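For reference, the chains in residue letters:
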Amino acid sequence: MKILYKNKIEAATLLLVFIFSVMLIYGAGGIHTSGDISGSAVAQQYLHNGSELTGSTNIVNSIVWDFRGFDTLGEEIVFFTGAIGVALVARNIKKTRKAGSGRKR
Amino acid sequence: MNTMDTIIKETTKIVFPFILVYGLYIALHGHLTPGGGFAAGAIIGSAFALLVISFEKKDLEHKLIIHDLIDIKSVSGLLMLLVLSKLGYHFRDALIDSQTIFRLWSGGFTAMMNIAGMLMVATAIILIIYSLEKEAWK
């Protein structure tokens, strides 16, 4: 250990990564295979009562925009923030540069 | 930016409204057929991207006033529309009761959210494309 890693932080990070990898692999074993909804009450609720609860027949769309609508709203806010960030970086810089650099003239 | 020839320009003129109508169709039928707000917004944004990359600045300025269309204020208004439509979920049961399933006028809250999301995604994509292209035009 002392030869491989120079400080304790590196060793601790690698140990944490290893532990989380083991946990992820262990958790991935519990995911249902595609088409099998017998163990998931949420999936059964979506598929059996989804069209009556939301009124829409596209079940994917009703999950995205209705059942998990707040999640989608957060996604939209993230997307909006990205667009505003791009507009902020690539806006007309000439004007601000002229106003800001008074001491150069 | 004087690279695009006449064929691309004329084809863009013909194809552009059809892409807009297709995106609108995807959004309006989002609760019935595959698609939805995100896909429709991406399609409409791609139509404007086609317009922006195939024309020059002087051709676009008098045909389509992009600078007034895409303002940060308008995008904020659309975000507000999204938030308001999200807050209006008290009326969803009454809305669904008044509709018949499998029709265009159905979907209840999902249909409204699709349209609001389409406007939001489309304007965000147009804003990104236009602000990047404005740098290239300088």
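Because the structure is a prediction, the values reported are computed rather than measured. (Residues numbered from 1 in each chain as written. Chains lettered and ligands numbered in written order. Predicted model: local features only at pLDDT ≥ 70, side-chain atom pairs only at ≥ 80, totals over all residues. Heavy atoms only, no water.)

**Student:** Hey, could you go over the overall build of chain A for me, with residue numbers and the actual values?
**Tutor:** Within chain A, the secondary structure is distributed over five helices and zero strands. Listing every helix and strand of chain A by position from the N terminus yields α-α-α-α-α. In chain A, which comprises 105 residues, the share counted as buried stands at 18%. Approximately 8100 Å² of chain A is accessible, and the part contributed by carbon and sulfur atoms is 67%. (Helix = DSSP H or I, 4+ residues; strand = E, 2+ residues; numbered from the N terminus. Buried < 20%, exposed > 50% of the residue type's maximum accessible area, 1.4 Å probe, protein only. Areas by Shrake-Rupley, 256 points an atom, 1.4 Å probe, with all protein chains shown as cover.)

**Student:** Would you mind going over the packing of helix H3 (residues 59–67) of chain A against helix H4 (residues 69–89) of chain A in detail, with residue names and values included?
**Tutor:** Residue and element names in this part refer to chain A. Relative orientation of the contacting elements H3 and H4 amounts to 75°, with a least axis distance of 5 Å. Viewed along their axes, H3 and H4 adopt a mutual orientation that is roughly perpendicular. On H4, the residues touching Val64, Trp65, Asp66 and Phe67 of H3 are Gly69, Thr72 and Glu76. Here the contact of H3 with H4 is composed, by residue class, of three nonpolar, two polar and two charged. (Axes fitted to C-alpha atoms, helices over the stretch in contact; angles between N-to-C directions. Parallel < 35°, antiparallel > 145°, perpendicular 65-115°, else oblique. Contact = heavy atoms within 4.5 Å. Nonpolar A, V, L, I, M, F, W, Y, C, P; charged D, E, K, R; others polar.)

**Student:** Quick rundown of the packing of aromatic side chains? Include the residues and the values.
**Tutor:** Residues and elements named next belong to chain B. The final tally for this structure, using the stated rule, is four aromatic pairs over all chains. Taking the centre distance of 5.4 Å and the plane angle of 90° together, the rings of Phe16 and Phe48 count as edge-to-face. Here Phe16 is found in helix H1 (residues 6–28), whereas its partner Phe48 is found in helix H2 (residues 37–54), with 32 residues between them in sequence. The pair formed by Phe16 and Phe48 is uniform in burial state, with each residue classed as buried. (Phe/Tyr/Trp six-rings, centres within 6.5 Å; stacked < 30°, edge-to-face > 60°.)

**Student:** For the interface of chain A and chain B, give the residues involved together with the corresponding values.
**Tutor:** Facing 30 residues of chain A, the contacting portion of chain B comprises 39 residues. Interface of chain A and chain B: buried area, both sides summed, is about 2800 Å²; carbon and sulfur atoms make up 68% of it. When the area that chain A buries against chain B is broken down by residue, the three leading residues are A:Thr57, A:Trp65 and A:Phe80, summing to 23%. At the boundary of chain A and chain B, one finds zero salt bridges. There are nine residue pairs in polar contact (both at pLDDT 80 or more) connecting chain A and chain B. Looking at the side of chain A that touches chain B, the elements with two or more residues in it are helix H2 (41–54), H3, H4 and helix H5 (93–100) of chain A. With 13 residues, the single largest contributor to the side of chain A that touches chain B is H4(A). Among the residues forming the side of chain A that touches chain B, the class breakdown is 13 nonpolar, eleven polar and six charged. (Buried area = accessible area lost by both parts, 1.4 Å probe. Salt bridge = Lys/Arg side-chain N within 4 Å of Asp/Glu carboxyl O. Polar contact = N/O pair within 3.5 Å; in protein donor to acceptor, adjacent residues only side chain to side chain.)

**Student:** Outline the nonpolar core, listing residues and values.
**Tutor:** Ranked by size, the top nonpolar core spans 14 residues in total, and within it B:Phe16, B:Ala40, B:Ile44, B:Phe48 and B:Met118 carry the most contacts. Other than its neighbours up to four places away in sequence, B:Ile44 contacts B:Leu20, B:Gly23, B:Leu24, B:Met118 and B:Ala122. One finds A:Ala87, B:Met120, B:Ala124 and B:Leu127 within the second-largest nonpolar core, a separate group that totals six residues. (Core = buried A, V, L, I, M, F, W, Y, C linked by side-chain atoms within 4.5 Å.)

**Student:** Got a sec to walk through the side chain of A:Ser56? Specific residues and values, please.
**Tutor:** If you trace the backbone, A:Ser56 turns up in the loop between H2 and H3. Since its relative accessible area comes to 1%, A:Ser56 is described here as buried. Setting aside residues up to four positions removed in sequence, A:Ser56 forms contacts with A:Ser51, A:Ser62, B:His31, B:Gly107 and B:Thr110.

**Student:** Describe H3(A), listing the residues and the values that go with them.
**Tutor:** Three- or four-residue spacings in an α-helix give side chains the same orientation, since the helix completes a turn every 3.6 residues. Taken residue by residue, H3(A) has A:Asn61, A:Ser62, A:Trp65 and A:Asp66 as its buried positions. Buried residues of H3(A), viewed axially, fall in a sector of 95°; they line one side. (Arc of directions from axis to C-beta.)

**Student:** A description of the pattern of salt bridges should follow, citing residues and the corresponding values.
**Tutor:** All names here are of chain B. As enumerated under the stated definition, the model contains one salt bridge over all chains in all. Between Lys13 and Glu10 there is a salt bridge, with its nearest N and O atoms 3.2 Å apart. Linking Lys13 with Glu10, this pair stays in helix H1, spanning three residues, or about one helical turn.

**Student:** So what's going on with the packing of H1(B) against H2(B)? Which residues, and what values?
**Tutor:** Residues and elements named next belong to chain B. For the pair H1 and H2, the least separation of the axes is 8 Å and the interaxial angle reads 165°. When the interaxial angle is binned, H1 and H2 end up roughly antiparallel. Seen along the crossing, H1 lies across H2 with a hand that is left-handed. Packed against H1, whose contacting residues are Ile8, Lys9, Thr12, Val15, Phe16, Ile19, Leu20, Tyr22, Gly23, Leu24, Ile26 and Ala27, the element H2 presents Ala39, Ala40, Ile43, Ile44, Ser46, Ala47, Phe48, Leu50, Leu51 and Ser54 at the interface. Residue classes in the contact of H1 with H2 are distributed as 17 nonpolar, four polar and one charged. (Left-handed = near helix turned anticlockwise from the far one by under 90°.)

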